[in-house]
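# Coordinates in review
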Amino acid sequence: TPNTVEKTPVTLLGLGAMGTALARAWLAAGHPLTVWNRTPARAEALAAEGARVAGSAAGAVAANTLVVVCLLDDASVEEALAGTDLTGRDLVNLTTSTPAQARARAAWARERGARYLDGGIMAVPPMIGVPEAGGYVFYSGSPELFERHRETLGVPAGTTYVGEDAGFAALHDVALLSAMYGMFAGAAHAFALIRKEDIDPGALAPLLADWLVAMAPAVHQTADHLRSGDYTRGVVSSLAMQVAGTPTFLDTAEQQGVSPELLSPYFELMRRRLAEGSGEEDLTGVIDLLVR
Ligand code: FVH
């Protein structure tokens, strides 16, 4: 009918937990979808939901210009695409990789006549196709390719383009996930401290979550310090004061029978920075100790 808007056909390689969620989002939005998975059984449910199942990766790649891969790791991308003809394809790689792998994969794709975008998914499968869940994907690589497919790529989750360097999506992805692990490490220590006490972990959890949310905006001051080079601007909790408090944390851990192994490395960096005469700063100087 005249009102029908043609949706971009998509080929998707990889039907793990994430690939399957991506596939369902594109199907639900009316995109013609061709899928392939190394283990064919994983495609059966999607076939019943309207996906066309290709018998080989080469067949799936041949079916559409836009080819999305979401596989376990970079080695599986290499293996899956080995026998395919990528000439004229728009290859979007949502597989988690290192920045170096992403850059090498971009060059590899170009040599095979494909345009390339790399993606880093900031979501877990249940957040895919659920805009209110706040999931999104970092993209980097060809800006033209991103613009061409922005609408289609925005179907499963939000899109954030971070630059022409193909490695930048992976770098942003790993940076945010690294911060997440730091947060989980701190939360693990907090739960360990109360583990043997008559304190309900379910009562600590909301306090912990609210505190982490309240502290998170501190990263804006860190960015301001790194930009200006002045690590003392607007400091309310000096490094000297914080280092003076570290025995309290270590003694409490000991009293509670908790290993300090998650906290100690960070405290050690704080002490080293203080020893350089940076007591008036906040914690930004730790970053300079980390960068080799
Ligand atoms: N799931 C998550 O929470 C995270 C969220 C953030 C992004 N990650 C990344 O997404 C990539 C895919 O993750 P996944 O959750 O889909 O992973 P699995 O469920 O383990 O599925 C892996 C798929 O990869 C296929 N595969 C593995 N090795 C090969 C290979 N050598 N050749 C071809 N395909 C391969 C596997 O196929 P099969 O085992 O079913 O035959 C699955 O389709 C990943 O980079 C996450 O870091 C997910």
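Labelled according to an unreviewed UniProt entry, the chain appears under the name Dehydrogenase, originating from Streptomyces fumanus. Per UniProt, the comment on the chain under Sequence similarities (unreviewed entry) is "Belongs to the HIBADH-related family."

### Regarding the overall build of the chain
Each helix and strand in the chain was counted, giving 12 helices and 8 strands. Taken over the C-alpha atoms alone, the chain extends approximately 70 × 45 × 40 Å along its principal axes. Burial analysis of the chain (292 residues in total) assigns 33% to the buried set. For the chain, long-range pairs separated by at least 24 residues make up 60% of all intrachain contacts whose partners lie at least 6 apart in sequence.

### Observations concerning the packing of helix H7 (residues 168-194) against helix H8 (residues 201-215)
Two elements in contact, H7 and H8, have axes whose closest approach is 11 Å; the angle formed by their N-to-C orientations is 145°. Of the two elements, H7 crosses H8, and the hand of that crossing is right-handed. Facing Met-183, Ala-187, Ala-190, Phe-191 and Ile-194 of H7, the residues of H8 in contact are Pro-201, Leu-204, Leu-208 and Leu-212.

### Brief notes about the site of the ligand
Not every one of the 22 residues close to the ligand is listed here, only the nearest: Gly-16, Arg-38, Thr-39, Ser-76 and Thr-96. Of all the elements in the fold, those that place two or more residues in the shell around the ligand are helix H1 (17-28) and helix H4 (74-81). Of the residues that constitute the shell around the ligand, the class distribution is 10 nonpolar, 8 polar and 4 charged.

### Some thoughts on the UniProt feature "domain: 6-phosphogluconate dehydrogenase NADP-binding" (unreviewed entry) in the chain
UniProt feature "domain: 6-phosphogluconate dehydrogenase NADP-binding" (unreviewed entry): in the numbering of this structure it lies at residues 10-157. Span residues 10-157 is 38% helix and 22% strand, its end C-alpha atoms 15 Å apart.

### Focus: the nonpolar core
Core analysis: the biggest nonpolar cluster contains 51 residues, and Leu-12, Ala-23, Val-35, Val-68 and Val-69 have the highest contact counts within it. In terms of residues, this core owes the most to one element, H1, which gives 5 residues. For Val-69, the contacting residues outside a window of four places in its chain are Leu-13, Gly-14, Val-77, Ala-80, Asn-93, Leu-94 and Thr-95.

### A word on the sheet that holds strand S8 (residues 158-161)
To summarise the sheet geometry, strands pair through backbone hydrogen bonds and adopt either a parallel or an antiparallel arrangement. In spatial order, the strands read S3-S2-S1-S4-S5-S6-S7-S8; together these 8 strands make up an open sheet with mixed pairing. In this open sheet, the two strands that pair with only one neighbour each are strand S3 (52-53) and S8. In this sheet, strand S2 (residues 33-36) lies alongside strand S1 (residues 10-13) in parallel orientation, the contact comprising 4 bridges. Looking across to S2, one finds that Leu-12 is bridged to Val-35.

### Remarks on the UniProt feature "domain: NADPH-dependent reductive aminase-like C-terminal" (unreviewed entry) in the chain
Using the residue numbers shown here, the UniProt feature "domain: NADPH-dependent reductive aminase-like C-terminal" (unreviewed entry) corresponds to residues 165-290. The span residues 165-290 carries 70% helix and 0% strand; its end-to-end C-alpha distance comes to 24 Å.

### Section: the environment of Val-243
Position of Val-243 among the secondary structure elements: in helix H10 (residues 239-255). As a C-alpha pair, Val-243 and Glu-268 span 25 residues in sequence and 9.3 Å in three-dimensional space.

### Things to note about helix H6 (residues 143-153)
Taken together, the buried positions of H6 are His-149, Thr-152 and Leu-153. Mapping the buried residues of H6 onto a view down its axis gives an arc of 75°, with all of them on the same face. Those residues of H6 that are exposed and angled more than 90 degrees off the buried face are Glu-144, Glu-147, Arg-150 and Glu-151. The elements touched by buried residues of H6 are S1, strand S4 (66-69), strand S5 (90-93), strand S7 (136-141) and S8.

Each value, and the rule that gives it
- Residues numbered from 1 in each chain as written.
- Predicted model: local features only at pLDDT ≥ 70, side-chain atom pairs only at ≥ 80, totals over all residues.
- UniProt positions renumbered as here; feature names shortened; annotations may be inferred.
- Helix = DSSP H or I, 4+ residues; strand = E, 2+ residues; numbered from the N terminus.
- Buried ≥ 20, exposed ≤ 12 C-beta atoms within 10 Å, placed from the backbone.
- Contact = placed C-beta atoms within 7 Å.
- Axes fitted to C-alpha atoms, helices over the stretch in contact; angles between N-to-C directions.
- Left-handed = near helix turned anticlockwise from the far one by under 90°.
- Near = placed C-beta within 6 Å.
- Nonpolar A, V, L, I, M, F, W, Y, C, P; charged D, E, K, R; others polar.
- Core = buried A, V, L, I, M, F, W, Y, C linked by C-beta atoms within 7 Å.
- Pairing = 2+ DSSP bridges.
- Arc of directions from axis to C-beta.

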